[in-house]
Amino acid sequence: MLQAPISELDIAPGHVIEWRLRSSRSPGTSAREDRNGSFNQEKHFSAALDARADDDPLGSYVACTFELPGPPDRAALEAAMLSFVRRHEVLRCEFRHLSGDLTCRPMAAADAVLEPVDIGPVATPEGVRGHVDACFHRIDTLSWPLLVMGAVVRPGSTTVFLGFDHLVSDGLSTPIAVNDIATAYTAAVRGEAPERPEVGSYLDFGHEQRLRYASLGADDARLDHWKAFMRRNGGFFPPFPLDLGVAPGRMYGTVNATDTLLSDAGAEAFEAHCRKADGKVFMGVLAAVGEALRREGGPEVYRGLMPVSDRGRGRYAEAMGWFVNTMPIEFPVPAGADFAQVMAGVRDAAGAMREHLDVPFVQAWRLLAPEYADLRSWPYAVNFFSYLDFRRTPGGERQHALRARKHVWASHSNGICFWFHRNETGMHVNTIHADTPQAHRTKASLTATLTRVLSGLADTGEF
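Note that the structure is predicted; figures quoted are calculated from it, not measured.

So what about the overall build of the protein? Which residues, and what values?
Helices and strands together make up the secondary structure of the protein, namely 12 helices and 17 strands. Taking 463 residues into account, the globule formula puts the C-alpha radius of gyration at 23 Å, and the protein, at 22 Å, falls close to it. With the C-alpha coordinates of the protein rotated into their principal frame, the extents come out at 65 × 50 × 40 Å. Relative to its full complement of 463 residues, the protein shows a buried share of 55%. Nonlocal contacts in the protein, meaning residues at least 24 apart in sequence, comprise 82% of its contacts between residues at least 6 apart.

The structure is reproduced here in structure tokens:
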């Protein structure tokens with residue numbers, strides 16, 4: 001899987017079909033009781049409500065596209081899509097903000113129905129890309145359903161496209177969706193039921209999380225790790241250390257781009273040097289980012305936010321949902337230090353971070369930075385690092401064969417975010433940043449420096 005902007009999507013023309021999720025029950029009725037949303041969902045939904053009230057066109061989505069080879073079997077594909085939405089309860093939820101709390105009403109799996117909509121033939125790749133992009137932009141945090149599903153059908157192949165609101169999906173959910181649907185489709189073509197492990201519901205995860213941390217107070221010892229970071233950082237949010245040309249309090253349109261940092265062979269060599277330095281690949285990438293930022297004029301201490309998966313290896317391992325906590329991480333990057341020295345600092349920082357993963361980011365934000373608690377976004381450009389090896393995700397061994405793509409979009413930004421990822425072709429980074437001239441220059445220069453740092457590490461194991 002490659003994470004890339006929708007503008008780089010290349011889909012051959014074909015006949016477009018969409019499937020709209022609806023309930024077989026009468027409007028206003030449900031077979032399930034209302035549930036509370038998670039802390040992530042509460043913050044995301046509240047931001048969307050505030051934006052709507054201020055007529056602010058805030059928007060985002062998480063989406064994916066992939067190929068199914070061979071002559072299309074529409075009945076099998078529709079069965080696979082239906083199996084997918086019935087398998088993951090969070091996809092069937094309608095969210096409401098009542099008395100200050102976010103509640104969600106899940107549709108029973110048996111009540112889920114997919115209504116096909118025949119869009120018809122689209123004659124050009126540009127036309128198909130435009131239609132898929134428009135479908136993804138229909139996703140609205142405040143409107144149900146929170147996903148779009150469709151396919152571009154041709155005599156010899158099918159392109160499936162799926163888009164989700166962040167309320168029901170995170171970065172790891174996209175390869176899970178691809179694997180689920182591809183597995184169910186293959187089984188349906190053969191007249192079989194897919195063999196897949198049972199998965200837990202994100203609604204259960206969110207419910208358990210809220211029970212555990214609803215009474216968390218600012219004096220709770222579980223926040224000591226955050227407080228220590230804040231003392232050294234000078235505040236809750238670690239600022240991005242390079243100039244992006246953004247004005248305080250202002251949001252900008254975004255630029256989305258993907259760059260290749262290492263070839264597959266280069267990534268393999270880099271991984272070998274990470275192991276020699278007694279570290280993992282994500283630690284090596286973090287070390288390289290810290291070194292590149294310092295060379296570009298940043299500090300000799302890296303401080304940033306890092307998303308960490310909350311799924312674990314149990315019942316949520318292959319579940320759709322927003323299973324992400326965000327944690328602070330910091331380590332020294334002194335001038336003249338070698339790779340092993342910086343890696344040791346990253347390794348220690350990652351270990352300290354893992355010991356304090358239990359506190360939800362949104363709760364820490366609310367308690368420790370109350371002056372920013374009502375903001376729809378981070379208050380200024382924040383240093384953000386994300387890493388995911390798509391080869392290790394569910395069905396990762398065939399994501400490349402399916403030409404799977406992940407597409408993340410956000411309408412506005414006051415900073416820059418980096419999603420580093422690895423697949424069968426190498427190491428890549430997808431970047432979304434504020435559309436300012438200085439941000440363009442800073443991103444280009446930093447990416448070039450980082451590429452040189454990683455290439456050097458792959459070649460020699462040293463900066």
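That was the structure; now back to the text.
Pulling in residues and values, what's your account of the sheet that holds strand S6 (residues 101-106)?
Read from one edge of the open sheet, three strands run S3-S6-S5, paired in antiparallel fashion. Only two strands of the sheet have a single neighbouring strand rather than two, namely strand S3 (35-36) and strand S5 (93-98). Across two bridges, the pairing between S3 and S6 is antiparallel. Looking at S6, one finds that Asn 36 is bridged to Thr 103. Of the strands in this sheet, S5 and S6 touch helix H1 (residues 39-53), which is tilted by about 70° from S5.

Before we move on, could you go through the packing of H1 against helix H5 (residues 202-213) and cite the residues and values that matter?
Interaxial distance between H1 and H5 falls to 9 Å at its minimum, and their mutual angle equals 95°. Overall, the two elements H1 and H5 adopt an arrangement that is roughly perpendicular. Every residue of H5 that contacts H1 at Phe 39, Asn 40, Gln 41 and Glu 42 is listed here: Tyr 202, Gln 209, Arg 210 and Tyr 213. For the contact of H1 with H5, a count of residues per class yields three nonpolar, three polar and two charged.

Report on the UniProt feature "domain: Condensation" (unreviewed entry) in the protein, specifying residues and quantitative values.
Within this numbering scheme, the UniProt entry marks residues 62-363 as carrying the feature "domain: Condensation" (unreviewed entry). Helix makes up 37% of residues 62-363 and strand makes up 25%, while its end C-alpha atoms are separated by 24 Å.

Which residues make up the pattern of salt bridges, and what are the values?
This structure, assessed with the given rule, holds 27 salt bridges. With a closest N to O distance of 2.9 Å, Asp 180 and Arg 87 form a salt bridge. Here Asp 180 is found in helix H4 (residues 173-189), whereas its partner Arg 87 is found in helix H2 (residues 74-87), with 93 residues between them in sequence. Using a relative accessible area of 1% as the deciding quantity, one classes Asp 180 as buried. Look at Arg 87 and you get buried, because its relative accessible area is 16%. A salt bridge links Glu 330 to Arg 303; the nearest nitrogen and oxygen atoms lie 2.8 Å apart. Of the two residues, Glu 330 sits in strand S12 (residues 324-332) while Arg 303 sits in strand S11 (residues 301-309), which places them 27 residues apart along the sequence. Shared partners join several salt bridges into a network, and the residues in it are Glu 268, Glu 271, Arg 275, Asp 389, Arg 391, Arg 392 and Arg 422.

Before we move on, could you go through the sheet that holds strand S13 (residues 385-389) and cite the residues and values that matter?
Here five strands make up an open sheet; going across it, the order is S13-S16-S17-S10-S15 and the pairing mixed. With one partner strand each, in any of the chains shown, S13 and strand S15 (412-413) form the two edges of the open sheet. For strand S10 (residues 252-263) and strand S17 (residues 426-434), the ladder comprises nine bridges, and the chain directions are antiparallel. If you follow Asp 259 over to S17, its bridge partner there is Val 429. Where helix H7 (residues 264-276) meets the sheet, its contacts fall on S10, strand S16 (416-423) and S17, and the angle it forms with S10 comes to roughly 75°. Across the face of the sheet, helix H12 (residues 437-460) comes into contact with S10, S16 and S17 while running at roughly 15° to S10.

So what's going on with the environment of Leu 375? Which residues, and what values?
Looking at the element boundaries, Leu 375 is found in the loop between helix H10 (361-368) and S13. Taking the relative accessible area as the measure of exposure, Leu 375 reaches 33% and is therefore partly exposed. Expressed as a C-alpha distance, the spacing of Leu 375 and Leu 286, which sit 89 residues apart in the sequence, is 28 Å. With residues up to four places along the chain from it excluded, the contact list for Leu 375 reads Lys 43 and Trp 365.

If you had to explain the side chain of Glu 271 to someone new, which residues and values would you point to?
Within the secondary structure, Glu 271 is located in helix H7. In this structure, Glu 271 is in contact with Val 281, Arg 391 and Arg 422, ignoring residues within four places of it in sequence.

Any chance you could break down H10 for me, citing the residues and the numbers?
Most of H10 is tucked away: seven of the eight residues are buried. Restricting attention to buried positions, one finds in H10 the residues Phe 361, Val 362, Gln 363, Ala 364, Trp 365, Leu 367 and Leu 368. Of the surrounding elements, those touching the buried residues of H10 are H1, H5, helix H6 (224-233), S11 and S12.

The rules we used
Residues numbered from 1 in each chain as written. Predicted model: local features only at pLDDT ≥ 70, side-chain atom pairs only at ≥ 80, totals over all residues. Heavy atoms only, no water. Helix = DSSP H or I, 4+ residues; strand = E, 2+ residues; numbered from the N terminus. Rg over C-alpha atoms; globule rule 2.2 N^0.38 Å. Buried < 20%, exposed > 50% of the residue type's maximum accessible area, 1.4 Å probe, protein only. Contact = heavy atoms within 4.5 Å. Pairing = 2+ DSSP bridges. Axes fitted to C-alpha atoms, helices over the stretch in contact; angles between N-to-C directions. Parallel < 35°, antiparallel > 145°, perpendicular 65-115°, else oblique. Nonpolar A, V, L, I, M, F, W, Y, C, P; charged D, E, K, R; others polar. UniProt positions renumbered as here; feature names shortened; annotations may be inferred. Salt bridge = Lys/Arg side-chain N within 4 Å of Asp/Glu carboxyl O.

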